Amino acid sequence: MSAIVVDGVSKRFRLFHERNQTLKSAVMRGRRIIADEFWAVRDVSFRVEHGETLGLIGRNGSGKSTLLKTLARIYSPDEGRVVLDGRVSSMLEVGSGFHPELSGRENIFLNGAILGLSRKQIAARFDEIVDFSGVEQFIDQPVKNYSSGMYVRLGFSVAVHTEPDILIVDEILAVGDGAFREKSRKKFLEFTGQGRTVVLVSHSLDEVRELCQRVAWLDGGRLRQLGPTADVVAAYETALATEPE
């Protein structure tokens, strides 16, 4: 079985035309809610094999983040299905998966528990997670007081050190200072070298070339091209150079 199966997945949202219009206020005032359907992802299918790193590329608004959130089960598809084989960890935005009122220490154990690890297993990894993140001084402070950089460092450290079977990440290596990005890049390569499965969104095509075996190019919510990294990135770069925004 493949690590990830995306089968005819579509996701739609409703776009309302009246600002601050709620269902309750519309009913109370007898007003009709005017909304259009917007398909952020439309009939996308692909597979990701165990041990493979797949890159998702495309212009802003192409559906990459929506598809990632569907893979991470934050969204449910309106059509089609997603099948995941293994424990999944995702890091899609700053602070994702963290409870702001809990300390860094508590959030490490919470995230590990969500991934299905025992308290003993998390404790065995705890020092390594904290050391890599560089937030030792603040580990017992509520994460709502963390800077965005501290959030990212701790979140990335938890994601890779709890050793999920499938990791879903959105632009994670683009955040933080140069030293942390380089440390994260090396850790990421170590992580993928262990045969784990990754789906990665990145606007850095150099990063995609380095990290990904295959690439899926989304355009207007649809899968425009899927294949070896060099071929798809080259086609995407040609389109960026020749097609209007």
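**A word on the overall build of the chain**
Part 1 of the reasoning: Helix and strand content of the chain: eight helices and nine strands.
Part 2 of the reasoning: Burial analysis of the chain (245 residues in total) assigns 46% to the buried set.
Part 3 of the reasoning: Counted over contacts in the chain with a minimum sequence separation of 6, partners at least 24 positions apart contribute 69%.
Part 4 of the reasoning: Here the chain has roughly 12400 Å² of accessible surface; of this, 48% comes from carbon and sulfur atoms.

**A few points about the environment of F188**
Part 1 of the reasoning: Its place among the elements puts F188 in helix α6 (residues 178–193).
Part 2 of the reasoning: Of the residues examined, F188 reaches a relative accessible area of 0% and is grouped as buried.
Part 3 of the reasoning: Separated by ten residues in the primary sequence, F188 and V198 place their C-alpha atoms 9.7 Å from one another.

**Digging into the pairing of strand β8 (residues 214–219)**
Part 1 of the reasoning: Pairing between strand β3 (residues 53–57) and β8: four bridges, direction parallel. Counterpart to G55 in the pairing with β8 is V215.
Part 2 of the reasoning: When β8 meets strand β9 (residues 222–228), the two strands line up antiparallel, connected through six bridges. In the strand pairing of β9, V215 is matched with G227.
Part 3 of the reasoning: Here β8 folds back onto β9 in antiparallel fashion, the turn holding two residues, of which G220 has a positive phi close to 60 degrees.

**Quick word on helix α2 (residues 64–71)**
Part 1 of the reasoning: For α2, a buried count of six out of eight residues is recorded, marking the element as mostly surrounded by other parts of the structure.
Part 2 of the reasoning: Listed in full, the buried residues belonging to α2 are K64, T66, L67, L68, T70 and L71.
Part 3 of the reasoning: Remark: R73 follows α2 within two positions and exhibits a positive phi of approximately 65 degrees.

Rules and cut-offs
- Residues numbered from 1 in each chain as written.
- Predicted model: local features only at pLDDT ≥ 70, side-chain atom pairs only at ≥ 80, totals over all residues.
- Heavy atoms only, no water.
- Helix = DSSP H or I, 4+ residues; strand = E, 2+ residues; numbered from the N terminus.
- Buried < 20%, exposed > 50% of the residue type's maximum accessible area, 1.4 Å probe, protein only.
- Contact = heavy atoms within 4.5 Å.
- Areas by Shrake-Rupley, 256 points an atom, 1.4 Å probe, with all protein chains shown as cover.
- Pairing = 2+ DSSP bridges.

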